Amino acid sequence: YGITNDDVQYTELPQNWWTMNTPVYTDIGTQTDGTLELNGGTQWSPNGKMYGGVALDGSPGSNITSTNCATHTAYENNGNGFAGWINPNSLGGQLFSRTVDRTDAHGGFDGVDVSINASGWLQMKVFWAAQNEFDTTVDWVFDESMTMTTRIEVGVWNYVTVRYYRSSWNFYGQVYVDNGT
């Protein structure tokens, strides 16, 4: 996909791609049957940066989940991600998480977790056959050491795009942040 300051444009539809411009949450991806559930204090808001959006109140259990989005294995050579405007009132906290319980001999779970650290940088943790949240395979902070120059800022609209890709035991991650500064 490509990124501009105004929107996300993709060259081919992924399996699941939800628009969040209305409270309908239509899956326009090639799978077209994905569902989103708003949990806790999460609700649709007509007052997003450019369109409507989802307001997360920051309370534990306030999140967006999907019980039937496309799954993938290490050998399918694909990934996931998200894009959208956020206007945080504090730094720190989780933006995205996806976990899958393993049913093979390794046990545990595979997953990815994207958060904002206390300095405003995006952080990505990856789990393979993990037994707990500290059992990470990859723990990246996208800061100056990774040639990132834009931090998430409090009280302003930040456009954030994260894409991750797994091919066999190799993992790739990309992030983009634009907040007009």
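**A few points about the pairing of strand β10 (residues 122-130)**
Thinking step 1. Where burial is concerned, most of β10 is hidden: 8 out of the 9 residues are buried.
Thinking step 2. Both strand β9 (residues 109-116) and β10 contribute to a ladder of 7 bridges, which runs antiparallel. Bridge pairing in β10 links Phe 109 to Ala 130.
Thinking step 3. Two strands pair when backbone bridges link them, and β10 and strand β11 (residues 138-142) are joined in this way by 5 bridges, in the antiparallel orientation. The partner of Val 126 across the bridge, within β11, is Val 138.

**Structural notes on the sheet that holds β9**
Thinking step 1. A sheet is described by the order of its strands in space; here 4 strands give the open sequence β8-β9-β10-β11, paired in antiparallel fashion. The two strands at the open ends of the sheet, each matched to only one other strand, are β8 (93-101) and β11. Shown here is a sheet whose adjacent strand axes are inclined to one another by a mean of 10 degrees, direction ignored.

**Considerations on the packing of aromatic side chains**
Thinking step 1. Enumeration according to the criterion identifies 5 aromatic pairs in this entry.
Thinking step 2. Consider the rings of Trp 140 and Phe 142, whose centres lie 6.0 Å apart with planes at 75 degrees: the pair is edge-to-face.
Thinking step 3. What links up through ring pairs into an aromatic cluster is the set Trp 85, Tyr 159 and Tyr 176.

**What about the side chain of Ser 115?**
Thinking step 1. Assignment of secondary structure puts Ser 115 in strand β9.
Thinking step 2. On the basis of relative accessible area, Ser 115 is assigned to the buried category, the value being 14%.

**Some points on the pattern of salt bridges**
Thinking step 1. Tallying each qualifying case throughout the model produces 3 salt bridges.
Thinking step 2. Across the salt bridge formed by Asp 104 and Arg 102, the nearest N and O atoms sit 2.4 Å from each other.
Thinking step 3. According to the relative accessible area criterion, Arg 102 is buried, its value standing at 17%.
Thinking step 4. Its salt-bridge partner being Glu 144, residue Arg 151 comes within 3.5 Å of it at the nearest N-O pair.
Thinking step 5. According to the relative accessible area criterion, Arg 151 is partly exposed, its value standing at 35%.
Thinking step 6. Within this structure, Arg 102, Asp 104 and Asp 110 form a network of salt bridges that share partners.

The rules we used
Residues numbered from 1 in each chain as written. Predicted model: local features only at pLDDT ≥ 70, side-chain atom pairs only at ≥ 80, totals over all residues. Heavy atoms only, no water. Buried < 20%, exposed > 50% of the residue type's maximum accessible area, 1.4 Å probe, protein only. Helix = DSSP H or I, 4+ residues; strand = E, 2+ residues; numbered from the N terminus. Pairing = 2+ DSSP bridges. Axes fitted to C-alpha atoms, helices over the stretch in contact; angles between N-to-C directions. Phe/Tyr/Trp six-rings, centres within 6.5 Å; stacked < 30°, edge-to-face > 60°. Salt bridge = Lys/Arg side-chain N within 4 Å of Asp/Glu carboxyl O.

That is the geometry; function is a separate question.
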